[in-house]
Amino acid sequence: MGNPQETASLLFQHPYLKMYSSNLQCGHLVSPGAINFGLSILIVLGILVSYLPQLIRIATLRSSFGISPYFVLLGTSSGTFTFANMVSQRQSLQDIACCKDVSGLSCFAGLLGILQVAAQLLSFFAILILFVIFFPRESQTNPRSMAQKEEPTYRTALVVAGICVVHAAVMLIVTLAVGFRQPSSLQSWSNFCGVTAAILSSIQYFPQIYTTLRLRCVGSLSIPMMCIQTPGALVWAGSLAARLGSKGWSTWGILIVTACLQGTLLVLSVFFEYLGPNKGHSHDYNKDTPPSRSGESNDAQDEEGPYEETPLLQDSR
């Protein structure tokens, strides 16, 4: 066997990690701190648990009515940019490189920040899958379908899913290409991804807020999910800020913006579900005839006919 120091130096000759091998600081992984380690574990579990109410609600109702496809598109794209931002951070790369010199538990502690972002991205992709599977199909025999042309169609849902998958693949390829060919540009790429994710996050909730206001109901949105995630995002931001420091502002700053906008959507959802004129009826709808956007009654809609399917002789009672 050769000199251990020479062996260790050979492990860092890869261009992706070489720039960080000269001044690695792995002490924070050897002694990560019980409180910070436990909090990081709870955040990973909390992220996974927080998305369960939304997944269960869509599967139970067997419909994604009320969820804006553009909210899903922006949210998934933002999550992809956030993951690329996280894995290309200088501190993240140092933690990955330290895994060659520390124990398995210490390595796991160093990767918890990446696992947190990965858990969020995978959860959003799970919502995307259910969103497409249970997207309300437009009935070809529904006489009111002409009045719903402005509603998103199933084709829109499929296009959104395709864009999300292609975008994730492109981001993976570009991140690896920058890491292997231009490792000195990784931090700039990380900042670009973080800023882009922040921009997408800042507008992510506007389509959903608009949709909720227009429908005057919660639909398939999960209020428990938002109740968990709104304060949870602030806790997560604090954890990442402590891990990445001020240089990681493009990572934890996203969560602060998201928490504020999600809190706004939560207030609207609680109002329409428990205080508004249609309270308690957010999911009482026919999939082919969703609630009127202006809140008019079904009787008023029936007076829009006659249609081709309307009988010529009707009971005059």
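For clarity, every value in this text was computed on a predicted model and none was experimentally measured.

K.L.:
Which parts of the structure should I look at to understand the overall build of the chain?
P.N.:
Counting its secondary structure elements, the chain contains 13 helices and zero strands. Starting at the N terminus, the α and β elements of the chain follow one another as α-α-α-α-α-α-α-α-α-α-α-α-α. The long-range fraction of contacts in the chain, counting pairs at least 24 apart against all pairs at least 6 apart in sequence, stands at 85%. Here the chain displays about 16,500 Å² of accessible surface, and carbon together with sulfur accounts for 65% of that area.

K.L.:
I'm lost on the nonpolar core in this one. Help?
P.N.:
Inside soluble globular proteins, nonpolar side chains tend to come together where they are buried. Counting residues in hydrophobic clusters, the biggest one holds 44 residues, and the most contacted among them are Ile67, Leu128, Phe131 and Trp236. Elements represented by at least two residues in this core include exactly α4 (34-61), α5 (69-87), α8 (112-133), α9 (154-181), α10 (186-215), α11 (223-244) and α12 (249-275). Among the elements that take part in this core, α8 stands out by supplying 11 residues, more than any other. Dropping the residues within four chain positions of it, Leu128 is found in contact with Val72, Thr76, Val160, Ala161 and Cys164.

K.L.:
What is the right way to look at the state of the cysteines in this model?
P.N.:
Cysteine pairs can be linked by a disulfide, which is a covalent bond between their two sulfur atoms. Applying the stated criterion across every chain yields a total of one disulfide. The residue that forms a disulfide with Cys99 is Cys107, at a sulfur-sulfur distance of 2.0 Å. Across the disulfide from Cys99 to Cys107, rotation about the S-S bond amounts to roughly 85 degrees, and the bridge is consequently right-handed. Residue Cys107 is classed as buried on the basis of its relative accessible area of 14%.

K.L.:
Sorry if this is basic, but what is going on with the UniProt feature "transmembrane region" (unreviewed entry) in the chain here?
P.N.:
Within the UniProt annotation, "transmembrane region" (unreviewed entry) is assigned to residues 29-52, 64-88, 108-135, 156-180, 186-206, 218-237 and 249-272. Between the end C-alpha atoms of residues 64-88 there is a gap of 34 Å, over a span that is 76% helix and 0% strand. For the annotated span residues 108-135, helix accounts for 89% and strand for 0% of the residues, and the straight-line distance between the end C-alpha atoms is 38 Å.

K.L.:
I'm lost on the confidence of the model for the chain in this one. Help?
P.N.:
Note: predicted coordinates in regions of low pLDDT should not be interpreted at a detailed level. Confidence along the chain averages 78 in pLDDT terms, with 73% of residues attaining 70 or more. Averaged pLDDT values over the elements of the chain bottom out at 45 in helix α13 (residues 298-302) and peak at 94 in α9.

K.L.:
Help me understand the packing of α4 against α8 in this model?
P.N.:
Put simply, α4 and α8 touch, their axes get as near as 9 Å, and they point 5 degrees apart. Looking at the two axes, α4 sits roughly parallel to α8. In contact with Phe37, Ser40, Ile41, Ile43, Val44, Ile47, Leu48, Tyr51, Gln54, Leu55 and Ile58 of α4, α8 contributes Leu112, Leu115, Gln116, Ala119, Gln120, Ser123, Phe124, Ala126, Ile127 and Leu130. The residue makeup of the contact of α4 with α8, split by class, is 16 nonpolar, five polar and no charged.

K.L.:
Is there a simple way to think about unusual backbone geometry in this case?
P.N.:
Across residues other than glycine, the phi torsion is negative in most instances, and most of the peptide bonds are trans. You will see that Arg62, though not glycine, has its phi angle at about 55 degrees, which is positive. Relative to the helices and strands, Arg62 is located in the loop between α4 and α5. Residue Arg216 is not a glycine yet carries a positive backbone phi of 60 degrees. Tracing the backbone through its elements, the reader meets Arg216 in the loop between α10 and α11. Since its relative accessible area comes to 36%, Arg216 is described here as partly exposed.

K.L.:
How should I be thinking about the packing of aromatic side chains in this particular structure?
P.N.:
In this description, an aromatic ring pair is defined by two values, namely the gap between the centres and the angle between the planes. Here the structure, examined in full by the defined rule, presents eight aromatic pairs. Geometrically, the ring pair formed by Tyr51 and Phe124 is edge-to-face, given 6.1 Å between the ring centres and 65 degrees between the ring planes. Placement of Tyr51 in helix α4 and of Phe124 in helix α8 is noted, with a sequence separation of 73 residues between them. A residue is classified by how much of its surface remains accessible, and Phe124, at 8% relative accessible area, is buried. Arranged with centres 5.4 Å apart and planes meeting at 75 degrees, the rings of Phe131 and Phe135 form a pair that is edge-to-face.

K.L.:
Would you explain the environment of Ser77 in this entry?
P.N.:
Its place among the elements puts Ser77 in helix α5. Note on Ser77: relative accessible area 11%, which makes it buried. C-alpha separation for the pair Ser77 and Thr196, spaced 119 residues apart in sequence, amounts to 9.5 Å. Apart from residues no more than four positions distant in its own chain, Ser77 is found in contact with His167 and Leu200. Polar contacts involving the side chain of Ser77 include one to the main-chain carbonyl oxygen of Leu73, which spans 2.9 Å.

K.L.:
How should the side chain of Ser50 be read in this particular structure?
P.N.:
One can find Ser50 in helix α4. Overall, the relative accessible area of 4% leaves Ser50 in the buried class. A distance of 2.8 Å separates a polar atom in the side chain of Ser50 from the backbone oxygen of Ile47. A polar contact is formed between the side chain of Ser50 and the side chain of Gln229, at a distance of 3.2 Å.

K.L.:
Help me out: how do you make sense of α9 in this one?
P.N.:
Between its first and last C-alpha, α9 extends 41 Å over 28 residues, near the 40 Å set by a 1.5 Å rise per residue. When we look at burial in α9, the residues that qualify are Ala157, Val160, Ala161, Cys164, His167, Met171, Thr175, Val178 and Gly179.

About the criteria used
Residues numbered from 1 in each chain as written. Predicted model: local features only at pLDDT ≥ 70, side-chain atom pairs only at ≥ 80, totals over all residues. Heavy atoms only, no water. Helix = DSSP H or I, 4+ residues; strand = E, 2+ residues; numbered from the N terminus. Contact = heavy atoms within 4.5 Å. Areas by Shrake-Rupley, 256 points an atom, 1.4 Å probe, with all protein chains shown as cover. Core = buried A, V, L, I, M, F, W, Y, C linked by side-chain atoms within 4.5 Å. Buried < 20%, exposed > 50% of the residue type's maximum accessible area, 1.4 Å probe, protein only. Disulfide = S-S within 2.5 Å. UniProt positions renumbered as here; feature names shortened; annotations may be inferred. pLDDT = per-residue confidence, 0-100. Axes fitted to C-alpha atoms, helices over the stretch in contact; angles between N-to-C directions. Parallel < 35°, antiparallel > 145°, perpendicular 65-115°, else oblique. Nonpolar A, V, L, I, M, F, W, Y, C, P; charged D, E, K, R; others polar. Phe/Tyr/Trp six-rings, centres within 6.5 Å; stacked < 30°, edge-to-face > 60°. Polar contact = N/O pair within 3.5 Å; in protein donor to acceptor, adjacent residues only side chain to side chain. Expected span 1.5 Å × (residues − 1).

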